[in-house]
Every structure is written in structure tokens, then in C-alpha cells.
Amino acid sequence: NPTMATVIVLTSYRGLCGAFNSNIVKHARALIEELQAKGRELEFIVQGKKGIAAFKYLRLPVAERLVGVSDKPTFARAEAIAERLMKAYEAGTLDEAYLVYSTFRSASSQAPKHEMILPLAGLKGEESGGPIYCRETKCEVDFSTGCLVQQMGEGEREVRRLRREPQLDEEG
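Here is what the cut-offs are and how they apply
- Residues numbered from 1 in each chain as written.
- Predicted model: local features only at pLDDT ≥ 70, side-chain atom pairs only at ≥ 80, totals over all residues.
- Heavy atoms only, no water.
- Pairing = 2+ DSSP bridges.
- Helix = DSSP H or I, 4+ residues; strand = E, 2+ residues; numbered from the N terminus.
- Axes fitted to C-alpha atoms, helices over the stretch in contact; angles between N-to-C directions.
- Contact = heavy atoms within 4.5 Å.
- Phe/Tyr/Trp six-rings, centres within 6.5 Å; stacked < 30°, edge-to-face > 60°.
- Buried < 20%, exposed > 50% of the residue type's maximum accessible area, 1.4 Å probe, protein only.

Participant: In this structure, what is going on with the sheet that holds strand 4 (residues 96–106)? I would like to understand it.
Facilitator: By way of backbone hydrogen bonds, the strands of a sheet pair with one another, either parallel or antiparallel. Judged by pairing direction, the sheet is mixed, and its five strands sit side by side in the order 3-2-1-4-5 without closing on themselves. Among the strands making up the open sheet, the edge pair consists of strand 3 (64–66) and strand 5 (109–118). On average, each strand axis in the sheet is inclined to that of its neighbour by 20 degrees, with strand direction left out of account. Helix 1 (residues 20–37) rests against strand 1 (4–10), strand 2 (41–47), strand 4 and strand 5 of the sheet, and its axis sits at about 150 degrees to strand 4.

Here is the structure:
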């Protein structure tokens, strides 16, 4: 049974027109309540000054604050967070990870949403039936096996299993 979850909340550094940040925080609060009702112990990673201020106001402890990255996000910054989460997941100290963000509909309309990003079975890409490949990072995510495969060099590759096998008790 999952017990530990990380919730990553992506807000902006500055206030934007409308309720962009407040809608993301409101959506995150609903997810937090849902996870707490399921008995999850939660850790929060919050990006953006507006989200950090909201979590402080709500008295929710933030394990990691990401400030000044929303204007110029880099793959390296995202990779560092993903690496930390994957190591914790592989070690068994993290059971689930969720990402709360806003999707673009139009210049005047954005919709907050969340996705389970660990375990991989929570990602919607699994429904596509095939792996997803990213050229920039030379990574492939295979949802059928729960593996992340990264090309390291000529003929070399690193395979990481991101779906834990069910634990059997002593009798089974």
C-alpha cells in the first residue's frame, strides 16, 4: 500500500492576469485533501514565489522551494528533480509523485490539472501502447515494462526500472 507521496506544484514567479496561480493552488489543495484522506504522508516541492507564499499561508511544509526558474526553465533543473524522485522511488522511500500545473487553452484561459508521474503506470502515455522517445535526452519510456532507457553512447544504454514489483509476504 502506498504511504509516501510527493506533490510538485508549479506556479509562476510573478502574479499574472486572472486567477492563474490561485487556481493551481486550489487544485493542489483538493489533491492534497484527497491524498491525506487515503492516508498518504506528503512532501511538497513548490516552484514559484506565488505558490511558495500560498503554501506558507496554508502552513504546509515545503521540502524544496524552486525560485527564479519559471522565467528560464532548463532541462537540467527538471532532470535534477526527476533524478531525486526516481532514486527515492527505487529505494522504496517514495511511493507516488504527482505534478500539479496549468494547461494552456487560450491566452485568457488556462486549466489546472494534476498527473501521477510515479509510478509510471499513472501516466496517460501508457494508453498509447508504445514507448515515448525524447530526442533531446535520448531517453525512452516504455510503459509496458515500466522502464526508462537512456542511450549513453555508442551501443551503451542505461535501463532503470520505475515500477516496483509487488512485495510478497512470507507465506506467498
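Once you've had a look at it, read on.
Participant: Help me out: how do you make sense of the packing of aromatic side chains in this one?
Facilitator: The geometry of two aromatic rings is summed up by the distance between their centres and the angle between their planes. With the rule as written, the count across this model stands at one aromatic pair. On the numbers, 5.3 Å between centres and 65 degrees between planes, the contact of Phe 44 with Phe 55 is edge-to-face. Of this pair, Phe 44 sits in strand 2 while Phe 55 sits in helix 2 (residues 49–57), and the two are 11 residues apart along the sequence. Residue Phe 44 is classed as buried on the basis of its relative accessible area, which comes to 3%.

Participant: Looking at this structure, I do not really get the pairing of strand 5. What am I missing?
Facilitator: Successive side chains on a regular strand alternate, one facing one side of the sheet and the next facing the other. As defined by bridge partners, strand 4 adjoins strand 5 across nine bridges and the pair is classed as antiparallel. Pairing of Ser 106 across the sheet is with Ser 109, part of strand 5. Linking strand 4 back to strand 5 in an antiparallel pair, the connection comprises two residues.

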